[in-house]
Amino acid sequence: MRILFMGTPDFARTILERLVTDGHEICGVFTQPDKPRNRNKVTPSPVKEYALSQNIPVFQPVTMRDGTALEDFKTLAPELAVVAAYGRILPEEMLAVPVHGCINAHASILPKYRGAAPINRAILDGEKETGVTVMHMAKECDAGDMILVKKQAIRPDETAEDLFKELAVLGADAIAEAIVEIQNGTAQRVPQDESQATYAPMLSRELSPIDWTQCPRHIIDQVRGLIPWPVATAELSGKRFKIFRVEPTEKTTGKAPGTLLALDKKGLEIACGGGNVVRIAELQAEGGKRMRAADYFRGHPIEI
């Protein structure tokens, strides 16, 4: 099938690679403009890098509203548009161009977690299951009729970064299956239940500081859900750290939440809500590198 692909991060790149592997004719790629990334060096998106390696034409409109992107879209004459984490809302005029319409791979079990950060928010909320929904695109964000849903358990120890990679592969499978159904004329249009809709807004650094009065599960989920960005943070003995792994313990304490209790080869134990104790196992000091807490504090003693 002649497909126009629209996406930006690694999640989208995995899906684009699958479309190429499956032998579809990718007539063009729309992706976000190049942005400063590593140490403010302007670099192309993962989708652009792969598209160029495959000699696929790349388009990077700054806006979707001035008519230029729409004209490029029409000129490419796709039979189907596939969208995955593009980062822009498509105007209705664009949705009407392909004969088979536009479909989107969204990393949640819709109608839950519509919006920009469904993977992170699912972990932050302590969800045990997530997935990928392929839907026909509509004017409203992530509100189109569903074609299919693929579900996957969320492991209690996996980070959002881990889950991104897994759902990208699941999303590629889901898109491939949906395209076959579209070609066969068997693709469903299941309306979403608006009464069950929830939203997953963009992340911010305001989510980072750990509140030690919370229960262990909440703190652990916060740390997992904010990797790789913006990352959970904590101030320990007056010094600020990024926190990359927190583990539960069987211990209890009468000390106030946030009190440093013990340091051993497994990490730094700290009091939290409900008289519980958690262990900081991996962290990063300002200006330092990510490392095991026990190793860091061996060279930088901390007062317990």
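Fair warning: this is a prediction, and the values are worked out from it, not measured in the lab.

Conventions adopted
Per chain, residue numbering runs from 1 following the sequence as it is written. Selection of residues for local features in this predicted model requires a pLDDT of at least 70, selection of side-chain atom pairs for listing and counting requires 80 or more, and totals for whole chains, interfaces and linings are taken over all residues. Neither water nor hydrogens contribute to the side-chain values; these are computed over all heavy atoms in the structure. Note on method: axes are straight lines fitted to C-alpha atoms, helices fitted across the in-contact stretch only, with angles between N-to-C directions ranging 0 to 180 degrees. Only runs of H or I of at least four residues qualify as helices and only runs of E of at least two qualify as strands under DSSP, and these elements are numbered from the N terminus. Crossing handedness is defined as follows: a turn of the near helix away from the far one that is anticlockwise and smaller than a right angle gives a left-handed crossing, while the clockwise case is right-handed. Contacts: residue pairs with any heavy atoms within 4.5 Å of one another. In the scheme used here, Gly and all other residues not listed as nonpolar or charged are polar, with Ala, Val, Leu, Ile, Met, Phe, Trp, Tyr, Cys and Pro taken as nonpolar and Asp, Glu, Lys and Arg as charged. Any two strands with at least two DSSP bridges between them are considered paired. Type-normalised accessible area, obtained with a 1.4 Å probe on protein chains alone, sets the label of each residue: buried when under 20%, exposed when over 50%, and partly exposed for intermediate values. We call a set of buried residues a nonpolar core when its members are Ala, Val, Leu, Ile, Met, Phe, Trp, Tyr or Cys and they connect through side-chain atoms within 4.5 Å of each other. Should a side-chain nitrogen of Lys or Arg be within 4 Å of a carboxyl oxygen of Asp or Glu, the pair is scored as a salt bridge. Stacked, tilted and edge-to-face pairs are distinguished by plane angle, under 30 degrees for stacked and over 60 for edge-to-face with tilted covering the rest, among Phe, Tyr and Trp rings (Trp via its six-membered ring) whose centres lie within 6.5 Å.

*Asks:* Help me out: how do you make sense of the packing of helix α1 (residues 10–21) against helix α6 (residues 160–184) in this one?
*Replies:* When two helices pack together, their arrangement is captured by the angle between the axes and the distance separating the axes. Running from amino to carboxyl end, α1 crosses α6 at an angle of 40 degrees, the nearest separation of the two axes being 8 Å. The interaxial crossing formed by α1 with α6 has right-handed handedness. Of the residues in α6, those touching α1 at F11, T14, I15, R18 and L19 are F164, L167, A168, V169, G171, A172, D173, I175, A176 and I179. The residue inventory of the contact of α1 with α6, partitioned by class, reads 11 nonpolar, 2 polar and 2 charged.

*Asks:* How should the sheet that holds strand β2 (residues 25–30) be read in this particular structure?
*Replies:* Pairing is mixed across the open sheet formed by 7 strands, whose spatial order is β5-β2-β1-β6-β7-β8-β9. The outermost strands of the open sheet, each flanked by one partner alone, are β5 (58–59) and β9 (146–153). α6 contacts β1 (2–7), β6 (80–84), β7 (102–106), β8 (129–136) and β9 of the sheet and is inclined by roughly 150 degrees relative to β9.

*Asks:* Help me understand the environment of Q222 in this model?
*Replies:* Tracing the sequence through the fold places Q222 in helix α7 (residues 216–225). On the basis of relative accessible area, Q222 is assigned to the buried category, the value being 8%. In this structure the C-alpha to C-alpha distance between Q222 and P201, which are 21 residues apart in sequence, comes to 15 Å. Those residues in contact with Q222 that lie beyond four places of it in its chain are L124, L207, S208, P209, I210 and D211.

*Asks:* Whenever I open this one, the nonpolar core confuses me. Can you help?
*Replies:* Side chains of nonpolar character tend, in soluble globular proteins, to be buried together. Formed by 41 residues in total, the largest nonpolar core has its most connected members in F5, V82, I103 and I175. It is α6 that contributes the most residues to this core, 11 residues altogether. Sequence-distant contacts of I175, defined by excluding residues within four places in its chain, comprise I15, L19, V82, I103, A105 and V134. Listed in part, the 30 residues of the second largest apolar core include W212, L236, I243 and L283.

*Asks:* Teacher, can you tell me more about the pattern of salt bridges here?
*Replies:* Pairing is possible between side chains of opposite charge, provided their charged atoms come close. Under the defined criterion, the tally for this structure stands at 23 salt bridges. Its salt-bridge partner being R13, residue E49 comes within 3.9 Å of it at the nearest N-O pair. With E49 in helix α2 (residues 46–53) and R13 in helix α1, this pair connects stretches of sequence that are 36 residues apart. What makes E49 partly exposed here is its relative accessible area of 41%. The class of R13 is partly exposed, set by a relative accessible area of 24%. Notably, a salt bridge pairs R18 with D173, separated by 2.6 Å at the nearest N-O pair. Linking R18 in helix α1 with D173 in helix α6, this pair joins segments that are 155 residues apart in sequence. With a relative accessible area of 32%, D173 lands in the partly exposed category. The network of salt bridges with common partners includes R245, E247, R279, E282 and R290.

*Asks:* Mind showing me how you'd approach α7 here?
*Replies:* One turn of an α-helix holds 3.6 residues; hence residues three or four places apart share an orientation. Along α7, 8 of the 10 residues are buried, which leaves the element largely enclosed by surrounding structure. Of all the residues in α7, the buried ones are P216, I219, I220, D221, Q222, V223, R224 and G225. Elements that come into contact with the buried residues of α7 comprise α5 (118–124), α6, β10 (232–236), β11 (239–252) and β14 (276–285).

*Asks:* Teacher, can you tell me more about the environment of G273 here?
*Replies:* Take G273: it is sitting in the loop between β13 (267–271) and β14. Take G273: its relative accessible area is 6%, and that puts it in the buried class. Remark: the alpha-carbon pair of G273 and T75, spanning 198 residues in sequence, is separated by 59 Å. Not counting residues within four places of it along the chain, the set of residues in contact with G273 comprises W212, T213, Q214, P216 and P257.

*Asks:* Would you take a moment to explain the packing of aromatic side chains for this structure?
*Replies:* The description of an aromatic ring pair rests on the distance of the ring centres and on the angle between the ring planes. What the rule picks out here adds up to 5 aromatic pairs. For the ring pair F241 and Y296, a centre distance of 5.4 Å and an interplane angle of 85 degrees mean the geometry is edge-to-face. Note that F241 is positioned in strand β11 and Y296 in helix α8 (residues 293–299), a separation of 55 residues in sequence. We note that F241, like Y296, is buried.

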